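Residue-level listing of the chains:
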Amino acid sequence: MFLGKVIGEVWSTRKVGDLEGKRLLVVEAIDQRDAPPAKKVTPVVAADPLGADVGERVIVAFGKAARVACGGDGDFAFEAAIVGIVDGVHPAAFPEEAS
Amino acid sequence: MFLGKVIGEVWSTRKVGDLEGKRLLVVEAIDQRDAPPAKKVTPVVAADPLGADVGERVIVAFGKAARVACGGDGDFAFEAAIVGIVDGVHPAAFPEEAS
Amino acid sequence: MFLGKVIGEVWSTRKVGDLEGKRLLVVEAIDQRDAPPAKKVTPVVAADPLGADVGERVIVAFGKAARVACGGDGDFAFEAAIVGIVDGVHPAAFPEEAS
Amino acid sequence: MFLGKVIGEVWSTRKVGDLEGKRLLVVEAIDQRDAPPAKKVTPVVAADPLGADVGERVIVAFGKAARVACGGDGDFAFEAAIVGIVDGVHPAAFPEEAS
Amino acid sequence: MFLGKVIGEVWSTRKVGDLEGKRLLVVEAIDQRDAPPAKKVTPVVAADPLGADVGERVIVAFGKAARVACGGDGDFAFEAAIVGIVDGVHPAAFPEEAS
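These numbers come from a predicted model, not from an experiment. Throughout this document, residue positions are counted from 1 along each chain, in the order its sequence is written. A letter from A marks each chain and a number from 1 marks each ligand, given out in the order of writing. Note on the predicted model: pLDDT of at least 70 is required for a residue's local features to be given, and 80 or more for side-chain atom pairs to be given and counted; whole-chain, interface and lining totals, by contrast, use all residues. In computing side-chain properties, one takes all heavy atoms of the structure into account and sets aside hydrogens as well as water.

Caption draft 1: Up close: the interface of chain E and chain C. Counting residues at the interface gives 32 residues for chain E, matched by 33 residues for chain C. With both chains or domains summed, chain E and chain C bury close to 2,500 Å², and 57% of this area falls on carbon and sulfur atoms. A side-chain nitrogen of Lys or Arg and a carboxyl oxygen of Asp or Glu constitute a salt bridge if their distance falls within 4 Å. In this structure, the salt-bridge partner of Lys64(C) is Asp73(E), at a minimum N-O distance of 3.9 Å. Pairs of N or O atoms are called polar contacts if they sit within 3.5 Å, as long as, within protein, a hydrogen donor faces a hydrogen acceptor (for residues adjacent in sequence, only side-chain-to-side-chain pairs). For the pair chain E and chain C, the interface holds 14 residue pairs in polar contact (both at pLDDT 80 or more). Helix and strand assignments follow DSSP, with helices taken as H or I runs no shorter than four residues and strands as E runs no shorter than two, numbered in order from the N terminus. When contributions to the side of chain E that touches chain C are tallied by element, the ones reaching two or more residues are strand 1 (2-11), strand 2 (14-15), strand 3 (24-29) and strand 4 (44-47) of chain E. It is strand 1 of chain E that provides the largest number of residues to the side of chain E that touches chain C, a total of five residues. Residue contacts follow a heavy-atom distance rule, with two residues in contact if any of their heavy atoms lie within 4.5 Å. By buried area we mean the combined loss of accessible area, with a 1.4 Å probe, across both parts when two parts are placed together.

Spelled out as structure tokens, the structure:
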């Protein structure tokens, strides 16, 4: 799992059937100081069972964990999902929390 | 899953039997601004059940998700597949959409 | 598995049910000299069945290994877990041990 | 899966039983322009069911795909395998093909 | 799988039960020229069923392959293991072999 920030939602009309109606978010990895871990790390596309908003900080999980988060370990055509929306990290690590 | 751009199709005559007749595309990762996430990140080779064209932006999934996208979680000799062709990312992130 | 240092605990109220009551720690990778392997590698979020404290060095495992560490290979919505708290690396590699 | 170039064969006498008699090749990732994606990306060690030669460009797959390529999804002590030998990428991407 | 060099053994008294008595080595990735692939790539912690010594070059495998190497694909709390000790790479790639 990693910490990320939601930076957008993907729109796609031609996709495999299993993804119909699935909310797919683009998540950029962040470090504990709320900064991208590297300038140009590629963002992850994750299924979103929690209704996260653009700009929110989230926890993203992969593989079986992502499937379990979306209703049980079934046959899904995604392997990343948002499993939590982050309130904070303690000791306070994000800039706004340290102030 | 990650956002990518199709940059070519692989031709291969000597390959394992399971890949016979499979369309294999080379996909370069892109970030939400349509730029490669790093100058020299190695591109991914992905099975293509959707008929994506060179130059199109796509979502690539791995592992079980890739197998499910290509007809069910069977015994396949690939572990990456295109699961969606991207119309856009909202809020508008790609340069042409922002204009 | 990798060597890491616990740098914080994630607080999250909106999360998938399976993570209720789970202690989730933010772990930064370190090399054998106790330094981050790269300035801005993204930290990992890991379940913690051992009660590690912030600042402690730990071993983090992924996938099935993480599930086994947390009570058996069941359907969990996480895929990383702390499997050991590190006393040292021999030959002595951490600065304080070399002195 | 990724595009790579075979740069050598590993010799090992002390190894787990399952790898006895297995041809293990060292494969360096290349991008679509036949260049290493980064100066010092670590090469992958892959089982070779196809008889690839040093210098040939190949497709390498991981996990279940690698096992399927080597005779079915059994209990193998490797998780990477060569699944195809590359004739070319179209549109022509390798330098020699562009000429 | 990747090529690595053993740089130490991890000592840990507080760990999950499944790791009791397991030899855990710290392995730094090397390229075919015996150099680290990048200055600060994080080392991997791997179970060692072969008795590798510090300084030896090894092949490290992940996931099911690591479990198979340690006695069958059971429920283990590790996902990396040494599967071979390297005699050499041919064509000779390590500096001492080229001389």
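Caption draft 2: Up close: the nonpolar core. By nonpolar core we mean a set of buried residues, namely Ala, Val, Leu, Ile, Met, Phe, Trp, Tyr and Cys, connected to one another through side-chain atoms within 4.5 Å. Partly exposed residues are those whose accessible area sits between 20% and 50% of the maximum for their type, while under 20% is buried and over 50% is exposed, using a 1.4 Å probe and protein chains only. Counting residues in hydrophobic clusters, the biggest one holds 25 residues, and the most contacted among them are Met1(C), Leu3(C), Ile59(C), Val83(C), Val10(E) and Leu24(E). Listed by contribution, the elements that provide at least two residues to this core are strand 5 (57-62) and helix 1 (64-69) of chain C together with strand 1, strand 3 and strand 4 of chain E. Counting residues per element, this core draws most heavily on helix 1 of chain C, which supplies three residues. Contacts of Val10(E), omitting those with residues within four sequence positions, involve Leu3(C), Ile59(C), Val86(C), Gly88(C), Val89(C), Leu24(E), Val26(E) and Val45(E).

Caption draft 3: The relation of the copies chain E and chain C, seen in detail. The two copies are related by a screw operation: chain E maps onto chain C through 72 degrees of rotation and 0.0 Å of translation along the axis, at an RMSD of 0.0 Å. These values place the two chain copies in the arrangement generated by a five-fold rotation axis. Considering only C-alpha atoms, the part of chain E nearest the rotation axis is Gly63(E), at 6.7 Å. A share of only 3% of the interface residues of chain E reappears at the interface of chain C, consistent with the copies meeting through non-equivalent patches. Least squares is the method used to superpose the copies, on C-alpha atoms of residues holding a pLDDT of at least 70 in both.

Caption draft 4: Structural context of the relation of the copies chain A and chain C. The two copies are related by a screw operation: chain A maps onto chain C through 72 degrees of rotation and 0.0 Å of translation along the axis, at an RMSD of 0.0 Å. Both copies present different contact surfaces, since only 3% of the interface residues of chain A are interface residues in chain C too.

Caption draft 5: Local environment of the packing of aromatic side chains. Side-chain rings of Phe, Tyr and Trp, where Trp is taken by its six-membered ring, are said to pair if the distance between their centres is within 6.5 Å; with planes under 30 degrees apart they count as stacked, over 60 as edge-to-face, and otherwise as tilted. Tallied over the full model, the rule gives 10 aromatic pairs over all chains. Centre to centre, the rings of Phe2(A) and Phe62(A) are 5.9 Å apart; their planes meet at 25 degrees, and the pair counts as stacked. A residue pair is termed long-range when its members are at least 10 positions apart, and Phe2(A) in strand 1 (residues 2-11) and Phe62(A) in strand 5 (residues 57-62) qualify at 60 residues. For Phe62(A), a relative accessible area of 33% puts it in the partly exposed group. Aromatic side chains Phe76(C) and Phe78(C) sit 5.1 Å apart centroid to centroid with 10 degrees between the ring planes, which places their arrangement in the stacked category. When sorted by exposure, Phe76(C) lands in the same class as Phe78(C), which is buried. Placement of a positive charge over a ring is assigned whenever Lys NZ or Arg CZ falls within 6 Å of the ring centre and within 35 degrees of the normal to the ring plane. When the ring centre of Phe76(B) is taken as reference, the NZ or CZ atom of Lys22(B) above it lies at 5.4 Å.

Limitation: the analysis is restricted to geometry and does not speak to function.
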